[in-house]
Amino acid sequence: MADFEPKVVAFVCNWCTYAGADLTGTSRIKYAPNVRIIRFPCTGRIDFMLILKAFGNGADGVIISGCHPNDCHYTSGNFHARRRWMVFKRLLDFTGIDHNRIVWSWVSAAEGAKWAQIVNNTVEEVRQLGPYENYHKAALKPLAKEVNHG
Amino acid sequence: MDDIRKKAKELLESHAVDVVIGYGEGTAGKVRAIFPRKAEDAEKLIFDGRCEQNLAVYLLKHEIKHMGKKAIVATTPVMRSILQVASEYQLTQDEVLVLGVSPEGKYVEIADFAAMEAYLKTQDFGIPAKDKAILDKLEGMTLEGRWDFWLEQLSPCFKCYACRASCPMCYCTRCFVEVNAPQWIPIAANELGNVEWHLLRAMHLAGRCINCGECGRACPLEIPTHLLTFKGVEDVKEDFNVVAGTSASMDSLLSSYKADDKETFIR
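Counting starts from 1 at the beginning of each chain's written sequence and moves along it residue by residue. Working convention: letters from A go to chains and numbers from 1 go to ligands, in the order in which they are written. For a predicted model such as this one, the threshold for reporting local features is a pLDDT of at least 70, and the threshold for listing and counting side-chain atom pairs is 80 or more; totals across whole chains, interfaces and linings nevertheless cover every residue.

Q: What exactly am I supposed to notice about the overall build of chain B here?
A: Counting from the N terminus, the helices are the DSSP runs of H or I reaching at least four residues and the strands are the DSSP runs of E reaching at least two. Across its full length, chain B holds 10 helices and five strands. Just to be clear, the radius of gyration here is over C-alpha atoms, and the globule rule we use is 2.2 Å times residues to the power 0.38. In terms of overall dimensions, chain B is globule-like: its C-alpha atoms have a radius of gyration of 19 Å, near the 18 Å expected for 267 residues. Over its C-alpha atoms, taken along the principal directions, chain B stretches across nearly 60 × 45 × 40 Å. A residue is called partly exposed when the number of other C-beta atoms within 10 Å of its own lies between 12 and 20, exposed at 12 or fewer, and buried at 20 or more, with C-beta atoms placed from the backbone. Here chain B holds 267 residues, and 38% of them are scored as buried. In this description, a residue-residue contact is defined by the distance between C-beta atoms placed from the backbone, which must lie within 7 Å. Put simply, 65% of the contacts in chain B that link residues at least 6 apart link residues at least 24 apart.

In structure tokens:
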């Protein structure tokens, strides 16, 4: 566990958080290199299944970030996304998927420092939780239970 | 029951409808859906305690959809399904005539969608006590406990999609699960593919499920797949005060929003 380096996938919107992350870089703020950023047109485009795909392909944590409410480039994409996450988070909780590994945030194009903080905090939190073995195991395992057709 | 039969016969005789969707005697003591198109076949219609299936699913099936005007034997879940798909612009008032049946098995006259909305206000939509008990039990478990429970429950699933086929709300002609470029849901019998499929289904039914429980009844392996959507029914009622299938003109939960939706987890 001591040498465990969490893999974190970040799904971010093009207009706010991606630009914010750019600002983090141009401001020469250092942050954890564990994050892989994937750019989307809008948080509204981030399908819930992509989170599961990230975990299924070996991610230990996920960050989802976009424009603050009322700042969406497309007016309402983040409002729709927020509703979807409210429903999805409860479903994850009900099915026992570890939603503590998912961090939702609003990071604007001016919040370079906040982005660095979000990433660092997430990496630390996931480091404490350890690798997401439960999910990774299921991703590889064929069906165990025999089906009785009697 | 005689009232329904008589009414169906009249409708077919006068050509007011082209087909009646109702229950008939099946094999081995089971009931099945029947589709009388001639007045004399209306005699075969039955209604008793075994008639649980949500018949609304047939309204949007390709084979029935194009048969012309339909009359349907409608219990409370069927009426709710009709209003829900109508709110999604899949069905209009002119396409369907409802032969209402009360929970006691009595014929109820329902003139139009407005009358249906009014009638449904008097009905109980509660989740059956048996299912509620399991939901409560799961609530008390740990996250890992629930994960193990669902892996165990879903592991026999071989994705026959009977749950999808039996659901009136699953009417898409091309389902996400069949998207194969890229392969969206693994088709191999593996645990993750099963989890992904059932989560996808539950998400796509969020705010739309009318808790008829048909998916669970349809499952040949008796996987309690209906619990996933039942939980969603409770959640969206609590968070958004949305009850699906109560109005033919309501907004869809996930394609609408309020600027003041309250969440507690976005940093």
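On we go.
Q: I'm lost on the pairing of strand β2 (residues 35–40) of chain A in this one. Help?
A: Sheet faces and side chains relate simply in a regular strand, where the side chains alternate between the two faces. Residue and element names in this part refer to chain A. Only strands joined by at least two bridges in the DSSP assignment are considered to pair. Two elements, strand β1 (residues 8–13) and β2, share six bridges in a ladder whose sense is parallel. When the sheet's bridge partners are listed, Phe-11 is paired in β2 with Ile-38. At this point the chain moves from β1, through helix α1 (residues 17–26), to the parallel β2, and the crossover so formed is right-handed. If the strands point away from the viewer and the path from the first strand over the helix to the second runs clockwise, then the crossover is right-handed.

Q: Would you explain the interface of chain B and chain A in this entry?
A: Many authors give the size of an interface as the accessible area that is lost as the parts come together. In this complex, chain B contributes 36 residues to the contact, which on the side of chain A involves 36 residues. When residues of the side of chain B that touches chain A are traced back to their parent elements, those giving at least two are α6 (143–154), α8 (191–204) and α10 (226–240) of chain B. Considering only residue class, the side of chain B that touches chain A consists of 22 nonpolar, four polar and 10 charged. Under the scheme applied, nonpolar residues are Ala, Val, Leu, Ile, Met, Phe, Trp, Tyr, Cys and Pro; charged residues are Asp, Glu, Lys and Arg; polar residues are all the others, including Gly.

Q: Would you take a moment to explain the sheet that holds β1 of chain A for this structure?
A: Sheet strands pair by backbone hydrogen bonding; their relative direction is either parallel or antiparallel. All names here are of chain A. Taking strand neighbours across the sheet as the criterion, the four strands line up as β2-β1-β3-β4 in an open arrangement whose pairing is parallel. Every interior strand has two partners, whereas the edge strands, β2 and β4 (102–106), have only one. Strand-to-strand twist in this sheet, taken as the mean axis angle between neighbours without regard to direction, amounts to 20°. To get an axis, a line is fitted to the C-alpha atoms, and for a helix only the part in contact is used. The angle between two axes follows their N-to-C directions and goes from 0 to 180 degrees.

Q: Any chance you could explain the packing of α6 of chain B against α8 of chain B here in plain terms?
A: Residue and element names in this part refer to chain B. Put simply, α6 and α8 touch, their axes get as near as 10 Å, and they point 100° apart. Classified by the angle their axes make, α6 and α8 are roughly perpendicular. Contacts from Trp-150, Leu-151 and Leu-154 of α6 reach α8 at Glu-191, Asn-194, Val-195 and His-198. Residue classes in the contact of α6 with α8 are distributed as four nonpolar, two polar and one charged. Here the word oblique covers every angle except those under 35 degrees (roughly parallel), over 145 (roughly antiparallel) and from 65 to 115 (roughly perpendicular).

Q: In this structure, what is going on with the environment of Leu-227 of chain B? I would like to understand it.
A: Residues and elements named next belong to chain B. With respect to the secondary-structure elements, Leu-227 resides in helix α10. Sequence separation between Leu-227 and Ile-127 is 100 residues; the distance between their C-alpha atoms is 9.8 Å. In contact with Leu-227, other than residues within four places in its own chain, are Asp-131, Ile-134 and Leu-135.

Q: Explanation requested: helix α4 (residues 112–129) of chain A in the structure shown.
A: A helix is expected to reach a length of 1.5 Å times the quantity of its residues less one. With 18 residues, α4 of chain A ought to run about 26 Å at 1.5 Å a step, and its terminal C-alpha atoms sit 26 Å apart, in line with that. Count one or two residues on from α4 of chain A and you reach Gly-130 of chain A, which has phi positive near 85°.

Q: In this structure, what is going on with the environment of Asn-78 of chain A? I would like to understand it.
A: Note on placement: Asn-78 of chain A falls in helix α3 (residues 77–95). Spatially, the C-alpha atoms of Asn-78 of chain A and Glu-124 of chain A are 26 Å apart, while their sequence positions differ by 46 residues.

Q: What should I look at first to understand the domain arrangement of chain B in this one?
A: Residue and element names in this part refer to chain B. Either an automatic procedure or a domain database provided the assignment from which the domain bounds are taken. Domain boundaries assigned for chain B yield domain 1 (2–120) and domain 2 (129–242). Each of domain 1 and domain 2 has a C-alpha centre, and the two are 27 Å apart. Across the contact, 12 residues belong to domain 1 and 10 residues belong to domain 2. In the side of domain 1 that touches domain 2, the residues fall into five nonpolar, five polar and two charged.

Q: I keep staring at the pairing of strand β3 (residues 61–66) of chain A and nothing clicks. Help me out?
A: Residues and elements named next belong to chain A. Of all six residues in β3, six are buried, a share of seventy percent or more. With burial as the criterion, each face of β3 is covered, one bearing Gly-61, Ile-63 and Ser-65 and the other bearing Val-62, Ile-64 and Gly-66. In this structure, β1 lies alongside β3, joined through five bridges in parallel fashion. Pairing of Phe-11 across the sheet is with Ile-64, part of β3.

Q: Sorry, what's going on with the environment of Lys-30 of chain B here?
A: All names here are of chain B. Mapped onto the fold, Lys-30 is located in the loop between β1 (19–25) and β2 (31–34). For Lys-30, a count of 8 C-beta atoms within 10 Å corresponds to the exposed category. Sequence spacing of Lys-30 and Tyr-171 is 141 residues, and the spatial spacing of their C-alpha atoms is 26 Å.

Q: Explanation requested: unusual backbone geometry in the structure shown.
A: Keep in mind that most residues, glycine aside, have a negative phi and that most peptide bonds are trans. Residue and element names in this part refer to chain B. Following Ala-181, the chain continues into Pro-182 via a peptide bond in cis, with omega recorded as 5°. Following the sequence through the fold, Pro-182 ends up in the loop between α7 (162–165) and α8. We note that Ala-28 has phi near 50°; this positive angle belongs to a residue other than glycine. As for its position among the elements, Ala-28 is in the loop between β1 and β2. On the basis of neighbour count, Ala-28 is assigned to the exposed category, with 4 C-beta atoms found within 10 Å. Backbone geometry places Glu-222, a non-glycine residue, at a positive phi of 55°. Within the secondary structure, Glu-222 is located in the loop between α9 (214–218) and α10.

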